[in-house]
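Structure at a glance
Here's the letter readout for the chains.
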Amino acid sequence: MTGRTLVAGIGNVFLSDDAFGVEVSHLLAHLALPDGVRVEDYGIRGIHLAYDLLEGYDALVLVDAVPMGEVPGTLAVIEPELASGRATLSSSISDEVAVVAPDAHTMSPDIVLATLARLGGSVDRIVIVGCQPGDLDEGMGLSPAVQAAVNAAADLCLEVVADIAQPAERGTHR
């Protein structure tokens, strides 16, 4: 265990609320973070994220717009189950996703993790900090409800990375 965590803001800035993760990552980049935590805006660059994960991270925090059937701006922390070293993020994604040719401009977490596995990498823990989008139509800028959730989401990310770091810190203070 390296004690390293990657916080990845993902989403398409040209699809309104889909840019939520990008906006949160920009805010987090200006805050003090625990040792071993790196924040990056990956946008739609899924292959870049997969290759960066090969650098050896124990945890990945994905920050993204996640349709949950809730009121726009609702935040959630989702920890998908890891099965055979691979996260199961969506039951609607078929097993065929592992053989789909990667597109350098695709940011499906399932495809990113499948690409990571094909490259010989893995990540032990994945946490998603998600926000219910209100508008995913073409356009730039977040809807008011999602914009209002950005600061709270950044705080939630800080809580998540602190929680991830706690077991590693406990192990070093014997």
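Our subject is the structure that appears above.
Being a predicted model, the structure only gives us computed values, none of them experimental. Throughout this document, residue positions are counted from 1 along each chain, in the order its sequence is written. At least 70 in pLDDT is required for a residue's local features to be given in this predicted model, at least 80 for side-chain atom pairs to be given and counted, and no such filter applies to totals for whole chains, interfaces and linings, which use all residues. The basis for every side-chain value is the complete set of non-hydrogen atoms in the structure, without hydrogens or water.

Overview of the environment of Asp137
With respect to the secondary-structure elements, Asp137 resides in the loop between strand E7 (125–131) and helix H4 (144–172). The class for Asp137 is exposed, based on a relative accessible area of 55%. As for Asp137 and Leu15, which are separated by 122 residues in sequence, their C-alpha atoms are 5.4 Å apart. In this structure, Asp137 is in contact with Phe14, Leu15 and Ser16, ignoring residues within four places of it in sequence. Labels follow the DSSP assignment, with helices taken as runs of H or I lasting at least four residues and strands as runs of E lasting at least two, numbered in each case from the N terminus. Working definition: with a 1.4 Å probe on protein chains only, accessible area under 20% of the residue-type maximum means buried, over 50% means exposed, and in between means partly exposed. What makes two residues a contact is simply this: any of their non-hydrogen atoms within 4.5 Å.

With respect to the packing of aromatic side chains
Centres within 6.5 Å make a pair out of two Phe, Tyr or Trp rings, where for Trp the six-membered ring is used; the pair is then stacked when the planes are under 30 degrees apart, edge-to-face when over 60, and tilted otherwise. Following the criterion strictly, the structure yields 0 aromatic pairs and no others. For Arg4, the ring lying beneath its charged end belongs to Tyr57, and the centroid distance is 4.1 Å. Placement of a positive charge over a ring is assigned whenever Lys NZ or Arg CZ falls within 6 Å of the ring centre and within 35 degrees of the normal to the ring plane.

Topic: the environment of Cys157
Tracing the chain through its elements places Cys157 in helix H4. For the pair Cys157 and Val61, spaced 96 residues apart in the sequence, the C-alpha separation amounts to 7.8 Å. The contacts of Cys157, once residues within four sequence positions are left out, are Val24, Leu28, Val63 and Val129.

Some remarks on the side chain of Asp58
Counting through the fold element by element, Asp58 comes out in the loop between helix H2 (46–53) and strand E3 (59–65). Under the counting rule used here, the positive set is Lys and Arg, the negative set is Asp and Glu, and His together with the chain ends is not counted. Any Lys or Arg side-chain nitrogen found within 4 Å of a carboxyl oxygen on Asp or Glu counts as a salt bridge. Of the side chains bearing the opposite charge, Arg4 lies closest to the buried Asp58, which forms no salt bridge; the N-O distance is 7.6 Å. Only 2.4 Å separates the side chain of Asp58 from the backbone nitrogen of Gly3, close enough to count as a polar contact. Pairs of N or O atoms within 3.5 Å make up the polar contacts considered here, provided that, within protein, one atom can donate a hydrogen while the other can accept it, and that residues adjacent in sequence are counted only when both atoms are side-chain atoms.

Brief notes about the environment of Ser122
In this fold, Ser122 is placed in the loop between helix H3 (109–118) and E7. As for Ser122 and Leu54, which are separated by 68 residues in sequence, their C-alpha atoms are 7.5 Å apart. Not counting the four nearest positions on each side in its chain, Ser122 is found in contact with Tyr57 and Leu116.

Concerning the nonpolar core
Throughout, nonpolar core names a set of buried Ala, Val, Leu, Ile, Met, Phe, Trp, Tyr and Cys residues whose side chains join them through atoms within 4.5 Å. Grouped together as the largest cluster of nonpolar side chains are 25 residues, with contacts concentrated most on Val7, Phe20, Val24, Leu28, Val61 and Val63. Sorting the residues of this core by element identifies helix H1 (20–28), strand E2 (37–43), E3, E7 and H4 as the ones contributing at least two each. With 10 residues, H4 is the largest single contributor of residues to this core. Those residues in contact with Leu28, other than ones at most four positions away along the chain, are Val7, Leu33, Val39, Ala154, Cys157 and Leu158. Core analysis: the second largest hydrophobic core is formed by 17 residues, Ile10, Leu53, Leu60 and Ile126 among them.

Structural notes on a nonpolar patch on the surface
Residues qualify for a patch when their relative accessible area is over 30% and they have no salt bridge, like charges being joined within 9 Å and the nonpolar side chains of Val, Leu, Ile, Met, Phe, Trp and Tyr within 5 Å. Areas reported here follow the Shrake-Rupley algorithm with a probe of radius 1.4 Å; residue values treat only the protein chains shown as occluding. Taken together, Tyr51, Leu54 and Leu119 make up a surface patch of nonpolar side chains, about 260 Å² in accessible area. Looking at where Leu54 falls in the secondary structure, it is placed in the loop between H2 and E3.

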